[in-house]
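# Chains, contacts and geometry: an overview
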Amino acid sequence: MNEAIYRPGLEGIIAGETSISSIADGLRYRGYPIEQLAQYSTFEEVAYLVLHGELPTRAQLDFFTGQLRQAMELPQEIVSTLRDIPADVPMMDVMRTGASLLGHWDPQAQDISAQATLDKAVRLVARLPLVMCYRHRLRSGQEVVPPEPGRSVAWNILWMLRGQEPQPDHVRALDVTLILYVEHEFNASTFTARVVASTLSDLHSAVTAAIGALKGPLHGGANERVMDYLSKLSSAEEAETWVKQALERKERIMGFGHRVYRTGDPRAAILAPYCEQLARQTGNEAMEAVAGRIEQVVREQKNIPPNVDYPAGRLYYYLGLPVDLYTPLFVISRTVGWSAHVLEQQAANRLIRPRARYVGAEPRDYVPVEQRG
Ligand SMILES: CC(C)(COP(=O)(O)OP(=O)(O)OC[C@H]1O[C@@H](n2cnc3c(N)ncnc32)[C@H](O)[C@@H]1OP(=O)(O)O)[C@@H](O)C(=O)NCCC(=O)NCCS
């Protein structure tokens, strides 16, 4: 082996090959720029692209959406569990349990062939929205609203949460966030999924582990944490004072910065106009002004641009979604990317098993307990 390279956080290390997405020259899924996919495509079409490698023909898309819609159902046992989980369990923990539980009722849970993994991916993408929406209604003391099988994932999420037909522009805004969250190369949760897959474990195990990684505030959890401060600041002036003091205390401002995009996250730029439009429509201009001032100060003082979670958190807030559903929405979308990576890992597998640099105690001999001081 060549001299081992060590970088904390594996920063800049190439840890594998992928043909699913690239981030070197803007974000592209399977070669297509994210800007074009966000403008012209739908979550379902992008999911097909990411899972299969090519944009679908009309017939392929119809078949794929048919498969997704048919799979939008939950075993009664899972609905009962969602009812019984203690009310204060965090929603991301419920999503993690939900992914694992779905495996127990999946007829192909242990089958790691490519076809079975693809079929399971479709079922997970169809059913995780039900886990999230049903759990939210049940914990709020409301009965569940079953999905409308003729409608899209984004439409159904709003429908199942609210029990009212959603406005087309709300559906579109949510759909765009789902497109943007689908895939992002070797981020922490995707790498987690690949490590699990590399042991020849199954898709539900990989997705369950990935959800655990996505929960953390340095990764997916940031879209919720953005609201911790935005919801408390009522004017741009107050926001400026708060953010300057936070930066002085060397705090990290959630929704800013990125390990790879040092000059700007293209996904944030795509979402910004949707955010502004929804803010106007829902009377949330004051929060946009607060957000704008914070962005300006963080750029001026640290030269750090916002990442996707900054506008996504606000957009979900303007849609009236409960804050603890923001990262679960990320889960629903990223399940597509995780599944594509599991397929890719298994197609050319090598167990992921890096080395560690040992920095512990010098070699020493065991001392019986009576002789220890
Ligand atoms: C995403 C993130 C973990 C990447 O971190 P990283 O690659 O480890 O960044 P670094 O630690 O190299 O940061 C470089 C400098 O920028 C600062 N910085 C990075 N992100 C920051 C943020 N959000 N707010 C304030 N300062 C930040 C660091 O403190 C460091 O400053 P220093 O040189 O004075 O010590 C980091 O930007 C962060 O914590 N962001 C907030 C959480 C978030 O929004 N996550 C979602 C990512 S999509």
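Residues numbered from 1 in each chain as written. Predicted model: local features only at pLDDT ≥ 70, side-chain atom pairs only at ≥ 80, totals over all residues. Heavy atoms only, no water.

## Comments concerning the overall build of the protein
- When its secondary structure is counted, the protein shows 16 helices and three strands.
- Relative to a compact globule of 373 residues, whose C-alpha radius of gyration would be 21 Å, the protein shows 22 Å and is just as compact.
- C-alpha extents for the protein along the principal axes are approximately 70 × 55 × 45 Å.
- Within the protein, the proportion of its 373 residues that are buried is 50%.
- Partitioning the contacts of the protein with sequence separation of at least 6, the portion at a separation of at least 24 is 75%.
- Here the protein has roughly 18300 Å² of accessible surface; of this, 51% comes from carbon and sulfur atoms. (Helix = DSSP H or I, 4+ residues; strand = E, 2+ residues; numbered from the N terminus. Rg over C-alpha atoms; globule rule 2.2 N^0.38 Å. Buried < 20%, exposed > 50% of the residue type's maximum accessible area, 1.4 Å probe, protein only. Contact = heavy atoms within 4.5 Å. Areas by Shrake-Rupley, 256 points an atom, 1.4 Å probe, with all protein chains shown as cover.)

## Quick word on the site of the ligand
- What surrounds the ligand is a group of 19 residues, the closest being Arg252, Ile253, Gly255, Phe256 and Arg259.
- The backbone of leucine 218 places a nitrogen or oxygen atom 3.2 Å from a nitrogen atom of the ligand.
- Here the ligand, which alone exposes 870 Å², has 71% of that area covered by the protein.
- Its residues assigned to classes, the shell around the ligand shows eight nonpolar, five polar and six charged. (Near = heavy atom within 4 Å. Polar contact = N/O pair within 3.5 Å; in protein donor to acceptor, adjacent residues only side chain to side chain. Nonpolar A, V, L, I, M, F, W, Y, C, P; charged D, E, K, R; others polar.)

## Some remarks on the pattern of salt bridges
- Applying the stated criterion to the full structure yields 20 salt bridges.
- When the shortest N-O distance is used, the salt bridge between arginine 259 and glutamate 11 registers 3.8 Å. With arginine 259 in the loop between α12 (236-248) and α13 (266-281) and glutamate 11 in the segment before β1 (21-22), the pair connects residues that are 248 residues apart, well separated along the chain.
- Given the relative accessible area of 44%, arginine 259 is considered partly exposed. (Salt bridge = Lys/Arg side-chain N within 4 Å of Asp/Glu carboxyl O.)

## Re the environment of valine 207
- Assignment of secondary structure puts valine 207 in helix α10 (residues 203-214).
- A residue is classified by how much of its surface remains accessible, and valine 207, at 0% relative accessible area, is buried.
- With 15 residues separating them in the primary sequence, valine 207 and threonine 192 have C-alpha atoms 8.7 Å apart.
- Apart from the residues within four sequence positions on either side, valine 207 is in contact with Ala99, Leu124, Thr335 and Trp338.

## Brief notes about the packing of aromatic side chains
- Taken as a whole and assessed by the stated rule, the structure comprises eight aromatic pairs.
- Ring geometry for tyrosine 48 versus phenylalanine 64: centroids 5.5 Å apart, planes at 90°, classification edge-to-face. With tyrosine 48 in helix α2 (residues 43-52) and phenylalanine 64 in helix α3 (residues 58-70), this pair connects stretches of sequence that are 16 residues apart. The residues tyrosine 48 and phenylalanine 64 share a single accessibility class, namely buried.
- Across from the ring centre of tyrosine 310, 4.8 Å away, lies the NZ or CZ of arginine 314, which sits over that ring. (Phe/Tyr/Trp six-rings, centres within 6.5 Å; stacked < 30°, edge-to-face > 60°. Lys NZ or Arg CZ within 6 Å of the ring centre and 35° of its normal.)

## Re the sheet that holds strand β3 (residues 32-33)
- Strand order across the open sheet formed by three strands is β1-β2-β3, with antiparallel pairing between neighbours. Lying at the two open borders of the sheet, with one neighbouring strand each, are β1 and β3.
- Relative to β3, strand β2 (residues 28-29) runs antiparallel, the two sharing two bridges. In the strand pairing of β3, tyrosine 29 is matched with tyrosine 32. (Pairing = 2+ DSSP bridges.)

## A look at the domain arrangement of the protein
- When the domains of the protein are assigned, the result is domain 1 (28-216 + 327-347) and domain 2 (222-318).
- Placing a centre on the C-alpha atoms of domain 1 and another on those of domain 2 gives a separation of 26 Å.
- Counting from both sides, the interface comprises 20 residues of domain 1 and, opposite them, 18 residues of domain 2.
- Summing both partners gives a buried area of about 1600 Å² for domain 1 against domain 2, and 60% of it is carried by carbon and sulfur.
- Ranking the residues of domain 1 by area buried against domain 2 places Leu180, Tyr181 and His184 at the top, with a combined share of 35%.
- On the surface where domain 1 and domain 2 come into contact, there are zero salt bridges.
- Viewed at the interface, domain 2 and domain 1 are joined by eight residue pairs in polar contact (both at pLDDT 80 or more).
- Mapped by element, the contributors of at least two residues to the side of domain 1 that touches domain 2 are α1 (34-40), α8 (168-181) and α16 (326-347).
- Here the side of domain 1 that touches domain 2 takes nine residues from α8, the largest share from any one element.
- Looking at side-chain class alone, the side of domain 1 that touches domain 2 contains 10 nonpolar, six polar and four charged residues. (Domains from an automatic or database assignment. Buried area = accessible area lost by both parts, 1.4 Å probe.)

## Some remarks on helix α9 (residues 188-198)
- With eight of 11 residues buried, α9 is to be regarded as a mostly interior element.
- Among the residues of α9, Ser189, Thr190, Phe191, Ala193, Arg194, Val196, Ala197 and Ser198 are the ones counted as buried.
- Those residues of α9 that are buried are in contact with α10 and α16.
- Note on α9: the residue one or two positions beyond its end, leucine 200, has a positive phi of about 70°.

## Remarks on the nonpolar core
- Membership of the largest hydrophobic core comes to 114 residues, with the highest contact counts inside it found for Met132, Ile157, Tyr229, Leu230 and Ile294.
- With 13 residues, helix α6 (residues 114-139) is the single largest residue contributor to this core.
- Counting contributing residues, this core receives three or more from each of domain 1 (28-216 + 327-347) and domain 2 (222-318).
- Aside from chain neighbours lying at most four places away, what touches isoleucine 294 is Tyr229, Leu230, Leu233, Ala239, Trp242, Val243, Ile253, Phe256 and Tyr310. (Core = buried A, V, L, I, M, F, W, Y, C linked by side-chain atoms within 4.5 Å.)

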